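The chain contents come next:
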Amino acid sequence: MLKIGLTGGIGSGKSEVSKRLSARGAVVIDADKIAREVVEPGTAGLARVVAAFGDEVLRPDGSLNREKLGSIVFADSEKLATLNAIVHPLVGERVAQLQGEAADDALVVYDVPLLAENKLAPMYDVVIVVDAADDVRIRRLAEHRGMAEADAKARIAAQASRQDRLAVADLVILNEGSLEELDARVGEVWDELVRRAATG
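Predicted, not measured: the structure shown is a model, and the values here were computed from it. (Residues numbered from 1 in each chain as written. Predicted model: local features only at pLDDT ≥ 70, side-chain atom pairs only at ≥ 80, totals over all residues. Heavy atoms only, no water.)

Visitor: How should I be thinking about the confidence of the model for the chain in this particular structure?
Guide: Interpreting fine coordinate detail is not advised for predicted regions of low pLDDT. Of the residues in the chain, 100% reach a pLDDT of 70 or more, and the chain-wide mean stands at 93. The weakest mean pLDDT in the chain belongs to helix H7 (residues 149–158) at 88; the strongest belongs to strand E4 (residues 126–131) at 98. (pLDDT = per-residue confidence, 0-100. Helix = DSSP H or I, 4+ residues; strand = E, 2+ residues; numbered from the N terminus.)

Visitor: Just to check I follow, could you spell out the pattern of salt bridges for this structure?
Guide: Side chains that differ in sign of charge can pair as their charged atoms come close. Counted by the stated rule, this structure contains 14 salt bridges. Linking Arg-165 and Glu-117 is a salt bridge whose minimum nitrogen-to-oxygen distance equals 3.9 Å. Linking Arg-165 in helix H8 (residues 162–167) with Glu-117 in the loop between strand E3 (107–111) and E4, this pair joins segments that are 48 residues apart in sequence. For Arg-165, a relative accessible area of 2% puts it in the buried group. (Salt bridge = Lys/Arg side-chain N within 4 Å of Asp/Glu carboxyl O. Buried < 20%, exposed > 50% of the residue type's maximum accessible area, 1.4 Å probe, protein only.)

Visitor: Got a minute to help me understand the side chain of Lys-14 in this structure?
Guide: Its place among the elements puts Lys-14 in helix H1 (residues 14–23). A relative accessible area of 12% places Lys-14 in the buried class. Once residues within four sequence positions are removed from consideration, Lys-14 is found in contact with Leu-6, Thr-7, Gly-8, Asp-111, Pro-113 and Val-130. (Contact = heavy atoms within 4.5 Å.)

Visitor: Looking at this structure, how should I read the pairing of strand E1 (residues 2–8)?
Guide: On a regular strand, each side chain points to the face opposite its neighbour's, so the side chains alternate between the two faces of the sheet. Judged by how many residues are buried, E1 sits mostly within the fold: 6 of 7 residues are covered. Inspection of the sheet shows E1 paired to E3 by 5 bridges, in the parallel sense. Within E3, the residue paired with Leu-2 across the bridge is Leu-107. Bridge count between E1 and E4: 5 bridges; the pairing is parallel. Paired with Thr-7 across the bridge in E4 is Val-129. (Pairing = 2+ DSSP bridges.)

In structure tokens form, the structure reads like this:
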């Protein structure tokens, strides 16, 4: 099993790369997606969050109001620690379960937005960084997410710098062109991953 950490700053196109690796046969484990799943209605995770923070973090339909919860925890480090103590173990259990279900020779891609920030590179056999210049990312965030330029710049500034991310990369996927160019580069990287998995 080859453990691959996939990261990239906001607007770099990491999700597009993740989709393409999955289409080629990778087992993709998306920590952010799992963090949402473990607090869906009816889960023990959501019940624990409500027990800790009260019913005001729920929407009328019983789902978690992430914005409301965010406004509570990001203003108070102790409350954030309480939330993390609920969610992180649940995410860890689910990741371990998915990893256990993967074939012994699988290429397992962990989609980890804050890999560089949290110094997680040593956990993986290979780290792939999806990279794009800041101006390209700002333009994408405006076009695809309707984000104001100031907001996009603030989000980028809050993450690791390009240099810090590239410093932990074993493989880099530059994503500043067309989707066809991205496909071609992902294909090259996939071949390299298969080669590395075969040579152990």
